[in-house]
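Structural description and commentary
Here are the chains, one letter per residue:
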Amino acid sequence: MKVLVLGSGGREHALAWKLAQSPLVSDLFVGPGNPGTSSLTLTNGKQVQNVALVTNDFQSVENVLLQYAIDMLVVGPEEPLVMGITDFCKNREGLENLLVIGPDSRGASLEGSKDHAKAFMTACRIPTALYRTFTCGQYAEACLYLDSLEPPYVLKADGLAAGKGVLIEPDLVKARAGLKEMMEGKFGAAGNKVVVEQFLRGTEVSVFILTDGTHYKILPEAKDYKRIGERDQGPNTGGMGAVSPVPFADRSFMKKVEERIIRPTLEGLARKGCDYRGFLFFGLINCNGDPYVIEYNVRMGDPETESVMMRLQGDLAAACYSLKTKTLDKMSLSAAENHCVTVVAVSGGYPGTYQKGYAIKGLDQVKEANVFHMGTSTTPQIVTKGGRVLAVSATGPTLLSARELAYRELSLIAYTDMVYRNDIGEDLMDMKYS
Ligand code: AMP
Ligand code: GLY
């Protein structure tokens, strides 16, 4: 089977790393990929190849699909899904047999429109924060609704805003100001509608499934660390680290997640005639033992994928390919008994402005962890290219051992202005493991 993974970050590196372990994969391409993806080797000894394309330019994707006679396209990021890459590939000449792992644009609107996701959850009686949606002309009505809520206040731009479209404001004055900014176009068209919702207190957990529209497999869950600073201080980032498993996501919590969230979501999609085939990511919050949905993402998370893939047991390529015949129930995917800690190293200044092009030293010293590339390039030596640069993922029999190993291996790597959080997983250390 010839597979193309679409994207260029740590998530795509981790997906390619796992897919490359399948004997079913004869050729693996990553477009555009990164220096990490092109260093992977398949079970048949072939090298994984990076191919030039632009993820949001479907014509360039189609050219690669046709040129290499790709059988399965695994879409990493949300943008091409929301823009309709799956719909684009359907019934296209020469692509009749292509399987796309990722929903069509209707399914992808669970992530592409927060208003749509909230309305869907309400209709399916899926636990989520109380909310109301306002258009840009409804500033006064939105302020009245804010008055009826308790602080802090949660404001969400309806559309995709590169993970920056959520404001959490401590008081009414700041909430009104944030609302005004959103309605005046701070996030462009993404803010044409604004969701105002109740703040939920609890600990977050990311739950992932792979589904063929009928059956589903739960992948290892993970916790993401979103803020730049230790103890969750400072601005939000794409994610500074991830840990899997998450102690409170025990059997009884996950049973609630399946009964109250996963199954009603898949049933709701099916009722709407949406044939969802791909990954689905439930951003959940644990409120006193009960799961609530904060958001849906129609793809895997980054850096969660780096931890999830390290613990996933089974043939991911076979499982993905079974989505074609809706036979995912015949596949076996499970979570290893171990723990994984992923620490992300970023460029100093991120998530604000930062310099790039710094040489990364010590990569060849890392022997006991995986280094997934997030924002690097080859010049020919490997240099920093993005805000998030590398994700170092290590496993161990306990959270403590995985954590120690991840930090020890990360300390072998160095580049100018390297920044990372020292507290990934620390908050989970004193939580009891079952
Ligand atoms: P989102 O982009 O929807 O994932 O939101 C970004 C982050 O804002 C989430 O990961 C949460 O930490 C926080 N957040 C979003 N909605 C809520 C809510 N209703 N209550 C508490 N925190 C929230
Ligand atoms: N790590 C969160 C995300 O991928 O959206």
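Residues numbered from 1 in each chain as written. Chains lettered and ligands numbered in written order. Predicted model: local features only at pLDDT ≥ 70, side-chain atom pairs only at ≥ 80, totals over all residues. Heavy atoms only, no water.

Some details on the overall build of the chain
When its secondary structure is counted, the chain shows twelve helices and 25 strands. Taking 22 Å as the expected radius of gyration for a compact globule of 434 residues, we find that the chain reaches 21 Å, a close match to that expectation. Projected onto the principal axes, the alpha-carbon positions of the chain cover approximately 65 × 50 × 45 Å. Split into buried and exposed, the 434 residues of the chain put 57% on the buried side. Sequence-distant contacts in the chain: of pairs separated by 6 or more residues, those separated by 24 or more amount to 67%. (Helix = DSSP H or I, 4+ residues; strand = E, 2+ residues; numbered from the N terminus. Rg over C-alpha atoms; globule rule 2.2 N^0.38 Å. Buried < 20%, exposed > 50% of the residue type's maximum accessible area, 1.4 Å probe, protein only. Contact = heavy atoms within 4.5 Å.)

Structural notes on helix 12 (residues 399-410)
An ideal rise of 1.5 Å per residue puts 16 Å on twelve residues; helix 12 measures up with 16 Å between its terminal C-alpha atoms. By the burial criterion, the buried members of helix 12 are Leu399, Ala402, Arg403, Leu405, Ala406, Tyr407, Glu409 and Leu410. Contacts from the buried residues of helix 12 go to strand 15 (241-244), strand 20 (339-347), strand 24 (388-396) and strand 25 (418-419). (Expected span 1.5 Å × (residues − 1).)

Comments concerning the sheet that holds strand 3 (residues 49-50)
The five strands lie next to each other as 3-2-1-4-5, forming an open sheet whose pairing is parallel. What marks the edges here is a single partner per strand, and that holds for strand 3 and strand 5 (99-101). Examined bridge by bridge, strand 1 (residues 2-7) and strand 2 (residues 27-32) share six bridges and lie parallel to one another. What sits directly across from valine 5, in strand 2, is valine 30. Those strands touched by helix 1 (residues 10-19) are strand 1, strand 2 and strand 4 (72-75), and its axis lies near 165° from that of strand 1. (Pairing = 2+ DSSP bridges. Axes fitted to C-alpha atoms, helices over the stretch in contact; angles between N-to-C directions.)

Concerning the site of ligand 2
Around ligand 2, the surrounding shell consists of Asp224, Gly238, Phe281, Arg299, Gly301, Asp302, Pro303 and Glu304. Within the side chain of arginine 299, a nitrogen or oxygen atom sits 2.9 Å from an oxygen atom of ligand 2. Here ligand 2 has 190 Å² of accessible area as a free molecule, and 86% of this is covered by the chains. (Near = heavy atom within 4 Å. Polar contact = N/O pair within 3.5 Å; in protein donor to acceptor, adjacent residues only side chain to side chain. Areas by Shrake-Rupley, 256 points an atom, 1.4 Å probe, with all protein chains shown as cover.)

Some details on the site of ligand 1
In the vicinity of ligand 1 there are 14 residues, among which Glu197, Gln198, Leu200, Glu204 and Glu295 approach most closely. Glutamine 198 places a main-chain nitrogen or oxygen 2.9 Å from a nitrogen atom of ligand 1. Between ligand 1 and glutamate 295, the relevant distance is 2.7 Å, taken from an oxygen atom to a side-chain nitrogen or oxygen of the residue. If ligand 1 stood free it would expose 470 Å²; the protein chains cover 90% of that surface. Counting residues per element, the ones that place at least two in the shell around ligand 1 are strand 7 (153-157), strand 8 (166-169) and strand 17 (290-297). The residue inventory of the shell around ligand 1, partitioned by class, reads seven nonpolar, one polar and six charged. (Nonpolar A, V, L, I, M, F, W, Y, C, P; charged D, E, K, R; others polar.)

Quick word on the pairing of strand 14 (residues 233-236)
As paired elements, strand 13 (residues 227-229) and strand 14 share two bridges and run antiparallel to each other. Paired with arginine 227 across the bridge in strand 14 is asparagine 236. Taken together, strand 13 and the strand that follows it, strand 14, pair antiparallel across an intervening segment of three residues, in which arginine 231 is found at a positive phi of about 60°.

Focus on helix 2 (residues 58-67)
Every buried residue of helix 2 is listed here: Phe58, Ser60, Val61, Glu62, Val64 and Leu65. Along its buried surface, helix 2 packs onto strand 1, strand 4, helix 3 (78-82) and helix 4 (85-89). Alanine 69 lies just past helix 2 and shows a positive phi near 50°.

Remarks on the pattern of salt bridges
Applying the stated criterion to the full structure yields 30 salt bridges. In this structure, lysine 46 engages aspartate 27 in a salt bridge whose closest nitrogen and oxygen atoms are separated by 2.8 Å. Residue lysine 46 is found in the loop between strand 2 and strand 3, and its partner aspartate 27 is found in strand 2; the two are separated by 19 residues along the sequence. Accessibility expressed as a relative area gives 40% for lysine 46, which makes it partly exposed. (Salt bridge = Lys/Arg side-chain N within 4 Å of Asp/Glu carboxyl O.)

Things to note about the sheet that holds strand 10 (residues 203-211)
Judged by pairing direction, the sheet is antiparallel, and its four strands sit side by side in the order 11-10-16-17 without closing on themselves. Single-partner strands in this sheet number two, and they are strand 11 (216-218) and strand 17. Recorded for the sheet is a direction-independent mean angle of 35° between the axes of neighbouring strands. Sitting on the sheet, helix 9 (residues 251-271) touches strand 10, strand 11, strand 16 (278-287) and strand 17, and the angle it makes with strand 17 is about 45°.

A look at the nonpolar core
The biggest cluster of nonpolar side chains holds 48 residues, and the ones touching the most others in it are Leu4, Leu65, Leu73, Ile85, Cys89, Phe282 and Tyr296. Here the element with the most residues in this core is helix 9; it accounts for seven residues. If sequence neighbours within four positions are ignored, isoleucine 85 has contacts with Leu6, Phe58, Val61, Leu73, Val75 and Pro80. (Core = buried A, V, L, I, M, F, W, Y, C linked by side-chain atoms within 4.5 Å.)

A few points about unusual backbone geometry
Of note, the bond from proline 151 into proline 152 is cis; its omega dihedral lies within 30 degrees of zero at -10°. Inspection of the secondary structure puts proline 152 in the loop between helix 7 (139-148) and strand 7. In the segment running from tyrosine 350 into proline 351, the intervening peptide bond is cis, with an omega of 10°. Within the secondary structure, proline 351 is located in the loop between strand 20 and strand 21 (370-373). Backbone geometry at alanine 69 places phi at a positive 50°, although glycine is not the residue there. Tracing the backbone shows alanine 69 in the loop between helix 2 and strand 4.

Description of the layout of surface pockets
Computed from the structure, the second largest pocket encloses a volume of approximately 760 Å³. Forming the boundary of the second largest pocket are 22 residues, of which Glu221, Pro245, Ala249, Arg311 and Ala335 lie nearest the centre. Residue assignment for the lining of the second largest pocket shows that the elements contributing at least two residues are helix 9 and strand 19 (334-335). Counting residues per element, the lining of the second largest pocket draws most heavily on helix 9, at three residues. (1 Å grid on protein atoms, 1.4 Å probe; cavity = no way out; pocket = protein on both sides within 12 Å on 5 of 7 lines; lining within 4 Å. Points joined across faces, edges and corners; volume = space filled by probe spheres on them.)

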